[in-house]
Amino acid sequence: MARVSLSLGSNLGNRAARLRQAVGDLRRLGEIVRVSSLYETVPVGYVDQPRFLNAVVLLETDLQPNELLTRTMAIEQSRGRQRSFANAPRTLDIDILFIDDLIIQSEALTVPHPRLQDRAFVLVPLAEITPNLRHPVLGESAQDLLLKLTGEQRREVRILRGPEWIGEAIDGQSLE
């Protein structure tokens, strides 16, 4: 069994419901070990779009890396993801951050995720649930990588709910 860190994001439709559905979908790929709090974040790259909701999930799975990628992309597509251009608005985004301490560089998959150390919307929830997880290339923990980000980058990430978000309504909208 491999322990996988996955980043979830959504900025279209009922964002919280999409992320909750994604966690349910991921349960079919293995065992959910932990789910971070729910965060609202500003878009990165293409900024003329709605804010995102983000979370990180730890999953234990026996899937091989390429099968995991195929299955997470199928979940995105089943939840309405369309890949129109880089950093476009999306109903659901699932990124593979880490698979144990594997280093993978292929045409289809790069693990660890190549930009995670620059993204507060990934590092804040990652450090929340696995502060001591070490980046196998950089040799630093998630918490250390987060501390390297500027205060301005970290302020772009606002906590909405603790880990209980997975089972509650947010802003009066049912997550069902």
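Residues numbered from 1 in each chain as written. Predicted model: local features only at pLDDT ≥ 70, side-chain atom pairs only at ≥ 80, totals over all residues. Heavy atoms only, no water.

**Q** Just checking my understanding: could you explain the nonpolar core for this structure?
**A** In summary, soluble globular proteins display a tendency toward joint burial of nonpolar side chains. Leu8, Leu26, Leu68, Ile96 and Ile99 are the most contacted members of the largest nonpolar core, which totals 30 residues. The leading source of residues in this core is helix H1 (residues 15-26), at five residues. Counting 19 residues, the second-largest nonpolar core is a separate cluster that includes Val56, Val122, Ala127 and Ile129. (Core = buried A, V, L, I, M, F, W, Y, C linked by side-chain atoms within 4.5 Å. Buried < 20%, exposed > 50% of the residue type's maximum accessible area, 1.4 Å probe, protein only. Helix = DSSP H or I, 4+ residues; strand = E, 2+ residues; numbered from the N terminus.)

**Q** In this structure, what is going on with the side chain of serine 7? I would like to understand it.
**A** Residue position: serine 7 is located in strand S1 (residues 2-10). By relative accessible area, serine 7 is classed as buried at 3%. With near-sequence residues (within four places) excluded, serine 7 lies in contact with Ala55, Val56, Asp93, Ile94, Asp95, Leu97 and Val122. (Contact = heavy atoms within 4.5 Å.)

**Q** Before we go on, may I ask you to explain helix H2 (residues 65-78) in this structure?
**A** Under the 1.5 Å per step criterion, the end-to-end length of H2 is 20 Å for 14 residues, consistent within 8% with the ideal 20 Å. Within the sequence span of H2, burial applies to Pro65, Leu68, Leu69, Thr72, Ile75 and Glu76. Taken end-on, H2 shows its buried residues confined to a sector of 125 degrees, consistent with a single buried face. Facing away from the buried side of H2, by more than 90 degrees, are the exposed residues Gln77 and Ser78. For H2, the elements touching its buried residues are S1, H1, strand S4 (52-61), strand S5 (93-99) and strand S6 (104-105). Looking at the residues trailing H2, positive phi occurs at glycine 80, about 90 degrees. (Expected span 1.5 Å × (residues − 1). Arc of directions from axis to C-beta.)

**Q** Is there a simple way to explain the environment of threonine 110 in this structure?
**A** Structurally, threonine 110 is set in strand S7 (residues 110-111). Residue classification places threonine 110 among the partly exposed positions, given a relative accessible area of 27%. For the pair threonine 110 and aspartate 48, spaced 62 residues apart in the sequence, the C-alpha separation amounts to 27 Å. Those residues in contact with threonine 110, other than ones at most four positions away along the chain, are Ile104 and Gln105.

**Q** Looking at this structure, I do not really get the pattern of salt bridges. What am I missing?
**A** Side chains that differ in sign of charge can pair as their charged atoms come close. Considering all chains together, one arrives at eight salt bridges under this definition. In this structure, arginine 15 and glutamate 40 form a salt bridge, with 3.1 Å as the shortest nitrogen-oxygen distance. Of this pair, arginine 15 sits in helix H1 while glutamate 40 sits in strand S3 (residues 38-41); the two residues are 25 residues apart in sequence, bridging distant segments of the chain. The partner of glutamate 40 in a salt bridge is arginine 158, and the shortest N-O contact between them spans 2.5 Å. (Salt bridge = Lys/Arg side-chain N within 4 Å of Asp/Glu carboxyl O.)

**Q** What am I meant to see in the environment of glutamine 105 here?
**A** Inspection of the secondary structure puts glutamine 105 in strand S6. Spatially, the C-alpha atom of glutamine 105 lies 25 Å from that of valine 124, the residues being 19 residues apart in sequence.

**Q** Honestly, the side chain of histidine 113 in this entry has me stumped. Any pointers?
**A** As for its position among the elements, histidine 113 is in the loop between S7 and helix H3 (120-129). Using a relative accessible area of 10% as the deciding quantity, one classes histidine 113 as buried. Apart from the residues lying within four places of it in its own chain, the contact partners of histidine 113 are Asp95, Ile96, Leu97 and Arg119.

**Q** Help me understand unusual backbone geometry in this model?
**A** Peptide bonds are mostly trans, and most non-glycine residues show a negative phi. Cis geometry is adopted by the peptide bond preceding proline 112, which originates at valine 111 and carries an omega value of 0 degrees. Relative to the helices and strands, proline 112 is located in the loop between S7 and H3. For aspartate 100, which is not glycine, the phi dihedral falls at a positive 45 degrees. In this structure, aspartate 100 sits in the loop between S5 and S6. Judged by its relative accessible area of 35%, aspartate 100 is partly exposed.

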